[in-house]
Amino acid sequence: MFKIFKYSFFDLMRSRWSLIYAAFYFLFTIGLLWLSNDLSKVVISLMNVILILCPLIATMFGVMYYYNSREFVELLLAQPIRRSAIFWGQYFGLAASLSLSLVIGLGVPFAMYGIFQSAEIFNFSILILNGILLSFIFSGVAFFIALRNEQKIRGFGLAIVAWLFFAVIYDGLLLLALMYFRDYPLERLAIGASLFNPIDLSRILILLKLDISALMGYTGAVFQKFMGTGIGMFLSLSVLLLWIVVPGWAIRWVADRKDF
Amino acid sequence: MIQIQNLHKSFGPLQVLKGVNLDFPATASGASGITAILGPNGSGKTTLIKCILGMVIPSEGEIFVKDQRVKGNWSYRHNIGYLPQIARFPENLSVQELLDFIQDLRGTGGQPEPLIQRFGLEPFLTKRLGHLSGGTRQKVNLVLAFMYDCPLLILDEPTAGLDPVALIQLKALLKEEKAKGKHILITTHIMDFVEDMADEIVFLLEGNIHFRGRPDFLKKQYQSRKLENAIACLLQKMPAPSGGGVAILED
């Protein structure tokens, strides 16, 4: 698996899109730092961008990369290696290259600004960690969707719907449910429901660290009240990792049974 | 070398292979050499090849390559060199990097240099694969398929996009590989190529083997000077004019 990972990673790192993706983060971060001059505020602004953009880009790249390498995969499948090694290698290569673009795009401006001498370094690390986790989660989900769907249009459509669901629709539905059943005690339901959405989990993780959980409204407030910062962070981080493991396992399950 | 026993494959309601039995013995007794797998579109040629390579999982039946069961196995593919139909590679890698990559995967023993020379690929080694023409990519594809000394070669449309010089080189290469006692399975729609190269034809029709035998035998049966015409007759299930009936081996 490591060999496939290595070559997928190098192939992708040299792609124009990786460069554009890193350049976007770089320019955006520089712009924010220049405008606000307050590291804490910049971290919060970036959080909002990362929570939407990382999943979107990982989803699009995941589906695109799978369909683009479809013919090359046929050559790889004829080599004496396991199927899971091919798809895991490609998946991790993609997620790692997206993560590296993110780290470079965000890291360089912050490093230039002097983040290493600042107390904000931990908050910044959590932000980066979240971006990486989201890249892994959503490229995994996208890879799984693409593997299940031979038709490109259908695969793209489903992947975008998956992103839209987690980024927008899920919260809307949750909010509607909370409004509708507001006479009942809903704290546990709200916490439970957040666990099923990696974007919500990331938001919780960042905000718990920033200690401004009241800002994220109901779910965040009850999350901190019920669990405290330590347990809350541990729980959200564990579930986020589970969000990588489950699609990763599903990729293998589908790949082992698929006709190419 | 290859034993295929009662191979069935369905894709949903579509039955592509319906109980194929095929045996390519390991000894060089007539059946070794170049076998062309022919048949009209949708007859199951590619599915059959992909079943041997383990890319398509059979619904029923067994395949053995060098006495190793194909199902759930991957190490048997050390014995196979494969040329896929469409030559598309990671666009941002160079030709040399791709060759290194495949050698990294398959282990030592690969010898791409003589093939690079043969197909005149030296000027392209440092070029990115995304910048190469279709024909050049097909040459890279050929290098990848032939660079290991595998006893079994499976070539899916090997002539696609090749210029006449490369085609002559390919034919010479195939003859050399055959002389080494290798089994070569080829699918193609170019009947001249089959006529030139194939020692044996396996003709698939509606998911079963309709004919297996030597090309000149088929031509004689249909009193045709060209294989193309004989195949067309076979396809239309015309009776053979030579009287004795067509040598159809319904396995």
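Before reading further, recall that the structure is shown in the block above.
Residues numbered from 1 in each chain as written. Chains lettered and ligands numbered in written order. Predicted model: local features only at pLDDT ≥ 70, side-chain atom pairs only at ≥ 80, totals over all residues. Heavy atoms only, no water.

Visitor: Is there a simple way to explain the overall build of chain B in this structure?
Guide: If you tally the helices and strands in chain B, you get 8 helices and 10 strands. Taken against the 2.2 N^0.38 rule, which gives 18 Å for 251 residues, the C-alpha radius of gyration of chain B at 19 Å falls within 12% of a compact globule. Along the three orthogonal principal directions, the C-alpha set of chain B runs to about 60 × 40 × 35 Å. By the burial criterion, 53% of the 251 residues in chain B qualify as buried. Once local pairs closer than 6 in sequence are excluded, the contacts in chain B between residues at least 24 apart make up 68%. (Helix = DSSP H or I, 4+ residues; strand = E, 2+ residues; numbered from the N terminus. Rg over C-alpha atoms; globule rule 2.2 N^0.38 Å. Buried < 20%, exposed > 50% of the residue type's maximum accessible area, 1.4 Å probe, protein only. Contact = heavy atoms within 4.5 Å.)

Visitor: Just checking my understanding: could you explain the overall build of chain A for this structure?
Guide: The number of helices and strands found in chain A is 10 helices and 0 strands. The N-to-C order of helical and strand elements in chain A reads α-α-α-α-α-α-α-α-α-α. Here chain A has a C-alpha radius of gyration of 19 Å; the compact-globule value for 260 residues is 18 Å, and the two agree. Structurally, chain A occupies a C-alpha span of about 55 × 50 × 30 Å along its principal axes. Within chain A, the proportion of its 260 residues that are buried is 55%. Restricting the contact set of chain A to residue pairs at least 6 apart, pairs at least 24 apart contribute 82%. A total accessible area of about 11900 Å² is found for chain A, and carbon and sulfur atoms account for 71% of it. (Areas by Shrake-Rupley, 256 points an atom, 1.4 Å probe, with all protein chains shown as cover.)

Visitor: So what exactly am I meant to see when it comes to the packing of helix α2 (residues 95-106) of chain B against helix α4 (residues 134-146) of chain B here?
Guide: The packing of two helices is summarised by the inter-axis angle and the distance between the axes. All names here are of chain B. It is at 11 Å that the axes of α2 and α4 come closest, and there the two elements cross at 25°. By the criterion of interaxial angle, the relationship of α2 to α4 is roughly parallel. Pair α2 / α4 crosses with right-handed handedness. Here V95, L98, L99 and I102 of α2 lie close against α4, whose contacting residues are V140, V143 and L144. (Axes fitted to C-alpha atoms, helices over the stretch in contact; angles between N-to-C directions. Parallel < 35°, antiparallel > 145°, perpendicular 65-115°, else oblique. Left-handed = near helix turned anticlockwise from the far one by under 90°.)

Visitor: Explain the pairing of strand β2 (residues 14-24) of chain B here, please?
Guide: Each regular strand displays side chains that alternate between the two surfaces of the sheet. Residues and elements named next belong to chain B. As judged from the 8 bridges shared by strand β1 (residues 2-11) and β2, these two strands associate in the antiparallel manner. From the neighbouring strand, F11 faces β2, where its bridge partner is L14. Linking β1 to β2, which pair antiparallel, is a turn of 2 residues; within it G12 sits at a positive phi near 60°. (Pairing = 2+ DSSP bridges.)

Visitor: Please clarify how the layout of surface pockets should be interpreted in this entry.
Guide: Think of a ball as big as a water molecule: rolled over the atoms, this probe shows where empty space is left. What the largest pocket holds in volume is close to 560 Å³. Looking at the largest pocket, it is lined by 27 residues, and the ones nearest its centre are D11(A), S15(A), N68(A), E91(B) and N92(B). Those elements that provide at least two residues to the lining of the largest pocket are α1 (2-13), α2 (16-36), α3 (39-68), α4 (70-77) and α5 (83-113) of chain A. The element contributing the most residues to the lining of the largest pocket is α1(A), with 5 residues. Residue composition of the lining of the largest pocket, grouped by class: 13 nonpolar, 8 polar and 6 charged. Of the voids in this model, the second largest pocket is the one considered here, and its volume is about 370 Å³. (1 Å grid on protein atoms, 1.4 Å probe; cavity = no way out; pocket = protein on both sides within 12 Å on 5 of 7 lines; lining within 4 Å. Points joined across faces, edges and corners; volume = space filled by probe spheres on them. Nonpolar A, V, L, I, M, F, W, Y, C, P; charged D, E, K, R; others polar.)

Visitor: What is the right way to look at the pairing of strand β9 (residues 200-205) of chain B in this model?
Guide: Residue and element names in this part refer to chain B. Most of β9 is tucked away, with 6 of its 6 residues classed as buried. Of the two faces of β9, the one holding E200, V202 and L204 and the one holding I201, F203 and L205 are both buried throughout. Note: strand β3 (residues 33-38) against β9, 4 bridges, orientation parallel. Within the sheet, the bridge partner assigned to L38 lies in β9 and is F203. In this structure, β9 lies alongside strand β10 (residues 208-213), joined through 5 bridges in antiparallel fashion. Bridged to V202 within β10 is R212. What sits between the antiparallel neighbours β9 and β10 is a turn of 2 residues, in which E206 has the positive phi angle 50°.

Visitor: How do you make sense of the environment of A95(A) when you look at a structure like this?
Guide: Residues and elements named next belong to chain A. Examined against the element boundaries, A95 turns out to sit in helix α5. Judged by its relative accessible area of 0%, A95 is buried. Considering only alpha carbons, one finds A95 and L39, 56 residues apart in sequence, at a separation of 27 Å.

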